[in-house]
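Secondary and tertiary structure notes
So you can see what is in the structure, the chains are spelled out below.
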Amino acid sequence: MPRRHPFALLAVLFLPPGPGAAQETTPAGSGWKSGAVCYEIFVRSFRDSDGDGIGDLRGLIEKLDYVNDGDPATEDDLGARCIWLMPVAQSPSYHGYDVTDYYHVERDYGTNDDFKLLVFEAHRRGIRVLVDLVLNHVSSEHPYFQDALLHPDSPYRDWFVFSPVDRQDESPWGSRVWHRSEVRDEYYYGLFWSGMPDLNYHTPAVREEAKRIASFWLDEMGVDGFRLDAIPFLIEEDGIVQHAPGTHDVLRELEAHIRRVSPDAFTIGEVWDSTGAMLSYYPDQLDAHFAFEVSDAILEAVRSGSAEGLFPPILRLQRELPWDRWSPFLRNHDQTRTMTFLGGDVVKAKLAAVLLLTLPGLPFVYYGEEIGMTGDKPDPRIRTPMQWTRGPGVGFTGGVAWEPLQPDSLTADVEAEEGDPGSLLALYRRLIHLRADNEALAVGELVPLSAGTDRVAAYLRRIAGGGVLVIANLGAERVAGAMVSSAGGALPAGRYALRSLDGGPSGEPLIVDGGGHIRPFVPVDGLGGFEGRMFQLVESDP
Ligand SMILES: [Ca+2]
Ligand SMILES: [Ca+2]
Ligand SMILES: [Ca+2]
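The present account deals with the structure reproduced in this document. Only a predicted model underlies this, so the values are computations on that prediction, with no experimental measurement involved. (Residues numbered from 1 in each chain as written. Chains lettered and ligands numbered in written order. Predicted model: local features only at pLDDT ≥ 70, side-chain atom pairs only at ≥ 80, totals over all residues. Heavy atoms only, no water.)

Considering the nonpolar core
The nonpolar side chains of soluble globular proteins are, as a tendency, buried together. Selection rule: Nonpolar core, defined: a set of buried Ala, Val, Leu, Ile, Met, Phe, Trp, Tyr and Cys residues in which side-chain atoms within 4.5 Å join the residues together. Working definition: with a 1.4 Å probe on protein chains only, accessible area under 20% of the residue-type maximum means buried, over 50% means exposed, and in between means partly exposed. Here a residue-residue contact requires only that any non-hydrogen atoms of the pair lie within 4.5 Å.
Of all hydrophobic cores here, the largest spans 144 residues; its most connected members are Tyr39, Leu85, Phe115 and Trp217. Discounting chain neighbours no more than four positions away, the residues touching leucine 85 are Ile41, Val43, Leu60, Phe115, Leu118, Val129, Leu130, Val131 and Asp132. Formed by 23 residues, the second largest nonpolar core is a distinct cluster that contains Ala482, Ile518, Phe535 and Leu537.

Quick notes on the coordination of the calcium ion (ligand 1)
Let me state the cut-off plainly: Sites may look incomplete, because water is not among the atoms used; the donor set itself consists of N, O and S atoms within 2.8 Å of the metal (3.2 Å for Na, K and Ca).
Only Asp48 (OD), Asp50 (OD), Asp52 (OD), Ile54 (O) and Asp56 (OD) from the protein reach the calcium ion (ligand 1) as donors, at distances of 2.2 to 2.4 Å. Read in sequence order, the donor residues coordinating the calcium ion (ligand 1) give the pattern D-x1-D-x1-D-x1-I-x1-D.

A word on the packing of aromatic side chains
Our working rule: Aromatic rings from Phe, Tyr and Trp, taking only the six-membered ring of Trp, are treated as a pair when their centres fall within 6.5 Å; an angle between ring planes under 30 degrees marks them as stacked, one over 60 as edge-to-face, and anything in between as tilted. Here a strand is any run of E in DSSP of at least two residues, a helix any run of H or I of at least four, and the numbering for each starts at the N terminus. Cation placement over rings: the criterion is NZ of Lys or CZ of Arg within 6 Å of the ring centroid and within 35° of the ring normal.
Scanning the entire structure with this criterion turns up 29 aromatic pairs. Their ring planes at 85° and their centres at 6.3 Å tell us that phenylalanine 46 and tyrosine 367 sit as a pair that is edge-to-face. Here the residue phenylalanine 46 occupies a position in the loop between strand E1 (38-41) and helix H2 (57-62), and tyrosine 367 occupies one in the loop between strand E13 (364-366) and helix H13 (414-418), the gap between them amounting to 321 residues. A relative accessible area of 0% means that phenylalanine 46 is categorised as buried. In textbook terms, an aromatic cluster arises when at least three aromatic residues are bridged by ring pairs, as seen for Tyr39, Phe46, Tyr66, Tyr366, Tyr367 and Trp388. Here the basic side chain of arginine 157 rests over the ring of phenylalanine 162, its NZ or CZ set 3.9 Å away from the ring centre. Cation over ring: arginine 337 sits above tyrosine 367, and NZ or CZ is 4.8 Å from the ring centre.

Digging into the coordination of the calcium ion (ligand 3)
Distances from the calcium ion (ligand 3) to its protein donors, Asn136 (OD1), Asp198 (OD), Phe233 (O), Leu234 (O) and Glu236 (OE), fall at 2.1 to 3.1 Å. Of note, the calcium ion (ligand 3) draws all its donor residues from one chain, in the sequence arrangement N-x61-D-x34-F-L-x1-E. There is no split in this pair, since phenylalanine 233 and leucine 234 are both buried.

Description of the state of the cysteines
Put simply, the rule reads: In this description, a disulfide is simply a cysteine sulfur pair whose atoms lie within 2.5 Å.
In the structure shown here, the tally under the stated rule is one disulfide. The side chain of cysteine 38 participates in a disulfide bridge whose partner is cysteine 82; the two sulfur atoms lie 2.0 Å from each other. The sign of the S-S torsion, about 115°, decides the handedness of the disulfide formed by cysteine 38 and cysteine 82: right-handed. With a gap of 44 residues between them, cysteine 38 in strand E1 and cysteine 82 in strand E2 (residues 82-85) connect regions that are remote in the sequence. By the burial criterion, cysteine 38 is buried, and cysteine 82 matches it.

This is how it looks when you write it as structure tokens:
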């Protein structure tokens, strides 16, 4: 369904044709997900266009060519096909997860027209735009909550949950959820903190408002979908505060509404929990969810040097869900950054990228991970300004950055890594473009192989007629001659050449017997510490 962008006509009239103008003016169909990688951006920290030290939408537009220049022939961009913007609606906090006005862009970031221009410029490059939708709660400064707090006869009283007594309940992580009103002798429910009163989704008007907000961003602002925050907590019922049956009903209702408004929209939810808990949100609610267990499994494999726990969570998702309904990632805006988690070892960070971008799912990359930015809690320190160049404002701002830069801004930045084919950034770019163009990496089935040792991860991404073989040394020590083999039914019988996909030498040919077993073979003489190799299987004559 074509969407009208009020800004689009103006932009067509007055802007020079962009790099992607000939390619696609509006992203088409759901086929975009095949081979796609999405990029999570914190607008406040990405690029400041006016020198006030705060990243903004105009700044993000300036950097869209970095994300994807819209030209499939160039590979000096990241090549992401979608961006998830952390909250962009008005909010009193730096992070934006407590909204005061769902219908206006945060002043620090720009105007609604700036946002529409961003969407136009993103679409011109084939980039889809997802925005964070925070529906569990509002800011305690939201006018509706203020009205409900001040006036017992407010029409918004039942949009929130009040109690005449302190009910002493605790959140699943042990914090107080009832907060004393400063206005009257009563308490209100706010799962995360007193500044974020929960909306009451038992109230039909609240559910209608959530739909109106979704419609506004889809129709008026032109977005391609949403990342939905903290969805397990939407409804409280019978003392259940997460994964309550009513929460699933609310999501079904909301998703059906989004489908009606925009059939091609993509929705992905945050269920920061076990895979089992996450699977309760299928098949008929949001499109996809972040696979936290997969994230942990990849990083743990790299950190521990053992493949033992790597495949089970991925195989479970593969059994239960289509590949485009779950998203692996390394770290997000709530977690210690990958480089810090891996002890500052860039070789390990490279291996983690190889695993993330050669395993199944629809992967997400948090901004800055691709240049190896560091960062640990508290939260503002894992959301620091993007490091574009060397120098005082690191190309992020001409003023003073809203949050002090990381110490590693002296050593890790886009400009320096762009000039180095051996950099982490160069690797991310190669892997993302490779995934975009390689059917097996995009949609192939994961088939774990035996490598005779947990220190080596070996797997196929199988498609009809072959696929891709990945072999990775998870340890620091060189591994010589890892012997790879498989159970039956791995591949059709035959002989396959191993054509390198990573610029390294070809591998030894692979032979599959009549039972589909890969006969034990040594694909490469040796693998350096934390080295991963990728090969295209090419069926050849015996
Ligand atoms: Ca600014
Ligand atoms: Ca390109
Ligand atoms: Ca709630």
